[in-house]
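# What the coordinates show
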Amino acid sequence: LPVSLLALAALLSAGQVAQAQDPCPPYEEREVKAQALSEATYNKLSGIYEDIGEENYNEAAAELQKLLNKADDAGYERAIILQALGHTDSSRERYDSALKYFKESVAIDALPNMQQFQMMFAIAQLEIMNERYREGLATLNEWFCKVPPEQIKANAYVLRANGYIELKDYRASL
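Residues numbered from 1 in each chain as written. Predicted model: local features only at pLDDT ≥ 70, side-chain atom pairs only at ≥ 80, totals over all residues. Heavy atoms only, no water.

## Structural notes on the packing of aromatic side chains
Convention followed: Only Phe, Tyr and Trp rings take part, Trp by its six-membered ring, and two of them pair if their centres are within 6.5 Å. Stacked means planes under 30 degrees apart, edge-to-face means over 60, and tilted covers everything else. Here a helix means four or more residues in a row that DSSP labels H or I, a strand means two or more in a row labelled E, and each is numbered from the N terminus. Each residue is assigned to one of three classes by its accessible area relative to the maximum for its type, calculated with a 1.4 Å probe on protein chains only: buried under 20%, partly exposed between the two thresholds, exposed over 50%. In our convention, an over-ring charge means Lys NZ or Arg CZ found within 6 Å of a ring centre and within 35 degrees of that ring's normal.
On inspection of all chains with the given rule, the structure shows three aromatic pairs. Judged by centre distance (4.9 Å) and plane angle (55 degrees), the rings of Phe-121 and Trp-143 are tilted. With Phe-121 in helix H6 (residues 113–129) and Trp-143 in helix H7 (residues 133–146), this pair connects stretches of sequence that are 22 residues apart. As far as burial versus exposure is concerned, Phe-121 and Trp-143 are alike and both buried. Between Trp-143 and Phe-144 the ring centres are 5.2 Å apart and the planes differ by 80 degrees, which places this aromatic pair in the edge-to-face class. Looking at Trp-143, the relative accessible area reads 6%, which means it is buried. Given the relative accessible area of 6%, Phe-144 is considered buried. Through a chain of ring-to-ring contacts, the aromatic side chains of Phe-121, Trp-143, Phe-144 and Tyr-157 assemble into a single cluster. Lying over the aromatic face of Phe-144, Arg-160 brings its terminal NZ or CZ to 3.9 Å of the ring centre.

Listed below in C-alpha cells is the structure:
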C-alpha cells in the first residue's frame with residue numbers, strides 16, 4: 001500500500017489524474033459583492049488578532065463572542081467573526097466547535113472567493129482528520145466543483161485519495 005500511495009502522489013504531481021468520478025458542472029466564477037468591515041469591528045479584530053498571535057485564545061474567543069453577538073445575522077462581518085472563532089477553537093484543539101464556526105461562516109456565502117475556498121478546504125481537512133470521512137469527502141468534492149481549476153493542487157487530490165482509502169473505496173481513491 002505505501003508504494004501505491006507513492007505512485008499516486010507521483011501521478012498527481014505530474015498532473016496525470018483524471019477529474020473526480022462525479023464530474024462537476026462547468027466551472028462558473030463565483031461572484032461576491034465586495035464588502036468591508038466597519039471601523040469599530042476592524043479595530044476590535046486587530047486587537048483580537050494580536051491576542052491570537054500571543055496565543056491568548058481564551059481572551060480572543062471571549063472578545064469574538066461579544067462581537068458575534070452584535071454582528072448582523074447574515075453579513076460579511078459575521079462571516080469574518082465566525083471564521084476567527086473557528087481558527088481560535090482550532091488552535092485550542094476544539095475541532096468540533098471549530099468546524100461548527102467554519103461551516104456557519106461558509107454558509108453565509110459572503111467571504112471573498114479566496115477565503116471562502118480556503119474555509120471549505122479547511123472544513124474538509126478537519127472532517128477527514130476527525131475520521132468523518134464521508135462528510136469530509138462531500139465537502140472536498142463540493143470544493144473541487146467550486147474552486148477555479150487552476151487553484152487545485154496535488155495536496156487536494158492526495159487528501160481525497162486518503163479519505164477514500166480510509167473508506168476502503170480503492171477505486172475512487174485513484
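Text resumes after the structure shown.
## As for the environment of Tyr-57
How we decide: Two residues form a contact once any of their heavy atoms are found within 4.5 Å.
Looking at the secondary structure, you find Tyr-57 in helix H3 (residues 57–70). Residues Tyr-57 and Asp-89 lie 32 residues apart in sequence; the distance between their C-alpha atoms is 7.8 Å. Beyond its immediate sequence surroundings of up to four residues, Tyr-57 is in contact with Ile-52, Thr-88, Ser-91 and Arg-92.

## Points about the state of the cysteines
The condition is simple: Note on terminology: disulfide denotes any pair of cysteine sulfur atoms within 2.5 Å.
Applying the stated criterion across every chain yields a total of one disulfide. Put simply, Cys-24 and Cys-145 are joined by a disulfide, and their sulfur atoms are 1.9 Å apart. Its torsion about the S-S bond being -80 degrees, the disulfide of Cys-24 and Cys-145 is classed as left-handed. Note that Cys-24 is positioned in the loop between helix H1 (2–13) and helix H2 (39–53) and Cys-145 in helix H7, a separation of 121 residues in sequence.

## Examining the nonpolar core
What counts here: For the purposes of this section, nonpolar cores are sets of buried Ala, Val, Leu, Ile, Met, Phe, Trp, Tyr and Cys residues that join through side-chain atoms within 4.5 Å.
In terms of nonpolar packing, the biggest core is built from 41 residues, with Ile-48, Leu-64, Ile-81, Leu-140, Trp-143, Phe-144 and Ile-152 touching the most fellow members. For this core, the secondary structure elements donating two or more residues are H2, H3, helix H4 (76–91), helix H5 (95–108), H6, H7 and helix H8 (154–166). Non-local contacts of Trp-143, meaning those with residues more than four positions away in its chain, are made with Phe-117, Met-120, Phe-121, Ile-152 and Ala-156.

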